[in-house]
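The primary structure of each chain is shown beneath.
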Amino acid sequence: MSSRSPDEFRLGVRPYDRGAGTGDEPEDPHELLHRARRLTVHGHPGAGSAWERAATALRRAGGVLTPGDHADALDATALDCRGAARPAAGPLFFRAADLHERAGQRGKALVSRARALVAGPGPGATACARLAELCERASALHRVGQAGAAETATVRLLHGRVRADLLGTAPDPAAEAAALREDLSRLIAFAAPHRADPAVARVLADTRALLGRITAPDDPAAAEAQLRAALDDHRAGGRTWPATEHHLLLSAVLRATGAHEEAAALLRAALVPQVTDTPLRAADRARLCLALARTVAGSGEQGRTARSAEKAAGAAEAEGALEVAAETAEALEEEPAEELEEPEETAQEDGERLALLAEAVRHTEGPARDVRVGALARLLLGVAHAERGGWGRALALLEQALPGFQDDGDTAGRVRTRAWLAECLLHLGEPGRAAREYALAAAAARPWGDPRPGAALSRRAEHVLGLAGTRGPVPEIRGMGGTVYADAKAGTGASAEGGAPDGGARGAWPGLRALPEPFGPPERYQVDVYGEVGGAGPQAATAPGTRVQGCE
């Protein structure tokens, strides 16, 4: 039975003889074409490469893609545009929309136009209004049978995503979030009767995930239920590849509610899926590694806190027991047994965290990498090495991370990286360079609403400059906030600053850990690189500008 469509017969495409195949990959161009179409319907992440192979085989056989197939190929290619390649997605979607129109596929054309708007640079209120118009057109076409349920639902979902991204700009974000939750619930009710269609099942799963995201700050339990349902819908729709975004969101909700062990198990399963026909994308694997490293660190801290509480609660009882033991030992002319302390399992946790950060760095290399995720991974791994005394290794990683934060414009990341870089230089015996890096970090932090980080960094810069033999005000440095001067009080000593006053073997300056973290937490209802939703649990303070490429 031939897999060729009527369009292909009209084009007169010649059959392509089978050659020596490898594995299950077909070599007949029409089988390749059939496979690309099937993967597209399922929303398979390998659809883009499947279309490329099919188009190449057809061209060698003397045939070409039909306008509709060409449009599907462009859509799949645009969906693969991530990281540095993300700006190319918008033009590809617009071109696909024109081809869908030529092929008479009006519903698909609306989906491509909606995706082009979402792929634009920071879609705002104008894009949101245009998406609302596309939703009305899709619903009208659906009523007259010219747009399918999957296409109509997809346009509505894309509109919902942009509305979610703009919640922070609404006059009343909580009220707008409640209205969006109602609209998403209606979308689920619209799509559920058509869930047998793989394309609709995909939209249903993604809609539940979005609903879970904007529910997390207000009702974590309901958000957890929606995200678990999203993963169930993902699997029920025959999608055997990992649902990275859903896993990240659910694990973040679990962390926020204190279920660190379950969150870690979920992320480990996502990193090593048991049934999959598609390997994890490098960028997805990097984000999962970063999230698991964060979870492991939180789980270790949670365990240490619990052990400390247990020790405090049993202190009186232990003291009494030791007194009894001492009396008994005296009677037997023996020394009392020493109190045995419970060993803390920090070494294993630290080792796993370090390995996960190293793997994240490895998966952010390459020309199409996500600059923000790569910079964050290098910063975290560099800090981890510095905290263990590996100053030289940390310096190399931090120098690699700094350009990423500079290109992206993330001030918090740039300040934190420069400060740790300065500390590494100090410990490596270069106090002059260290003082300059601290002063540059202070320059970048000065425009923040909170003046304390900039002031602390300026004092640290003056202190380190004194170690270089030139105690006095820090030289003028032009930065984002204008001219920076050391604003420390005269006579600030090493004891006040702490942390390797002579570049020796002491630990890092404690003020480094008080600096804002890059990329988290985001604004309320927004998602960061770890999958954490702003307002959905205790998270560290940071400066604005935390949205990461690829987050939905």
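What comes next is a walk through the structure.

Cut-offs applied
- Residue numbering note: each chain is counted from 1, following its sequence as written.
- Note on the predicted model: pLDDT of at least 70 is required for a residue's local features to be given, and 80 or more for side-chain atom pairs to be given and counted; whole-chain, interface and lining totals, by contrast, use all residues.
- Processing note: side-chain calculations cover all non-hydrogen atoms of the structure and skip hydrogens and water entirely.
- Put simply, two rings from Phe, Tyr or Trp (the six-membered ring, in Trp's case) pair if the centres are within 6.5 Å, and we call them stacked under 30 degrees between planes, edge-to-face over 60, tilted for the rest.
- Strands here are runs of E lasting at least two residues and helices are runs of H or I lasting at least four, both read from the DSSP assignment and numbered beginning at the N terminus.
- The buried label goes to any residue with under 20% of its type's maximum accessible area, the exposed label to any with over 50%, and the partly exposed label to all in between, with areas taken from a 1.4 Å probe on protein chains only.
- Placement of a charge over a ring requires the Lys NZ or Arg CZ to be within 6 Å of the ring centre, with the centre-to-atom vector within 35 degrees of the ring normal.
- By nonpolar core is meant a set of buried Ala, Val, Leu, Ile, Met, Phe, Trp, Tyr and Cys residues that side-chain atoms within 4.5 Å join together.
- It only takes one pair of heavy atoms within 4.5 Å for two residues to be counted as in contact.
- For helices, the axis comes from a line fit to the C-alpha atoms of the stretch in contact; other axes are also lines fit to C-alpha atoms, and the angle between any two N-to-C directions lies between 0 and 180 degrees.
- By definition in this entry, angles of less than 35 degrees are roughly parallel, angles greater than 145 are roughly antiparallel, angles of 65 to 115 are roughly perpendicular, and the rest are oblique.
- Each helix crossing is assigned a hand: it is left-handed if the near helix lies turned anticlockwise from the far helix by less than a right angle, otherwise right-handed if that turn is clockwise.
- Throughout, the ten residues Ala, Val, Leu, Ile, Met, Phe, Trp, Tyr, Cys and Pro are labelled nonpolar, Asp, Glu, Lys and Arg are labelled charged, and all others, Gly among them, are labelled polar.
- We count a salt bridge whenever a side-chain nitrogen from Lys or Arg sits within 4 Å of a carboxyl oxygen from Asp or Glu.

## Quick word on the packing of aromatic side chains
Thought 1: Tallied over the full model, the rule gives one aromatic pair.
Thought 2: Measuring from centroid to centroid gives 5.7 Å for Tyr438 and Trp509, while their planes differ by 85°, and the two rings are edge-to-face. Of the two residues, Tyr438 is situated in helix 20 (residues 431-445) and Trp509 in the segment after helix 22 (494-497); the sequence distance between them amounts to 71 residues.
Thought 3: Residue Tyr438 is classed as buried on the basis of its relative accessible area of 0%.
Thought 4: Stacked on the ring of Tyr525, the Lys or Arg Arg524 has its end atom at 5.2 Å from the ring centre.

## Digging into the nonpolar core
Thought 1: With 64 residues, the main nonpolar core has Leu290, Val415, Tyr438, Leu457 and Leu512 as its most contacted residues.
Thought 2: Those elements giving two or more residues to this core turn out to be helix 13 (260-271), helix 14 (282-313), helix 16 (346-362), helix 17 (371-387), helix 18 (391-408), helix 19 (411-427), helix 20 and helix 21 (452-467).
Thought 3: For this core, the leading source of residues is helix 17, giving 10 residues.
Thought 4: Contact partners of Leu512, with chain neighbours within four places excluded, come to Arg416, Ala419, Trp420, Glu423 and Tyr438.
Thought 5: In terms of nonpolar packing, the next biggest core, distinct from the first, is built from 20 residues, Leu157, Ala191, Ala199 and Leu210 among them.

## A short note on the packing of helix 3 (residues 47-60) against helix 4 (residues 67-79)
Thought 1: One way to put it is that helix 3 packs onto helix 4 with a least axis distance of 8 Å and a crossing angle of 140°. It follows that helix 3 is oblique to helix 4 by the angle criterion. As helix 3 packs across helix 4, the resulting crossing turns out to be left-handed. Along its contact with helix 3, which presents Ala47, Gly48 and Trp51, the element helix 4 presents Asp69, Asp72, Ala73, Ala76 and Thr77.
Thought 2: Here the residues of the contact of helix 3 with helix 4 sort into four nonpolar, two polar and two charged.

## Some words on the pattern of salt bridges
Thought 1: Applying the stated criterion across every chain yields a total of 32 salt bridges.
Thought 2: In this structure, the salt-bridge partner of Arg82 is Asp284, at a minimum N-O distance of 2.9 Å. Residue Arg82 is found in the loop between helix 4 and helix 5 (89-102), and its partner Asp284 is found in helix 14; the two are separated by 202 residues along the sequence.
Thought 3: A residue is classified by how much of its surface remains accessible, and Arg82, at 30% relative accessible area, is partly exposed.
Thought 4: A salt bridge links Glu532 to Arg255, with the shortest nitrogen-to-oxygen separation between them at 3.2 Å. Of this pair, Glu532 sits in the segment after helix 22 while Arg255 sits in helix 12 (residues 244-256), and the two are 277 residues apart along the sequence.
Thought 5: Each of Arg163, Glu176, Asp183 and Arg186 takes part in salt bridges that share partners, so that together they form one network.

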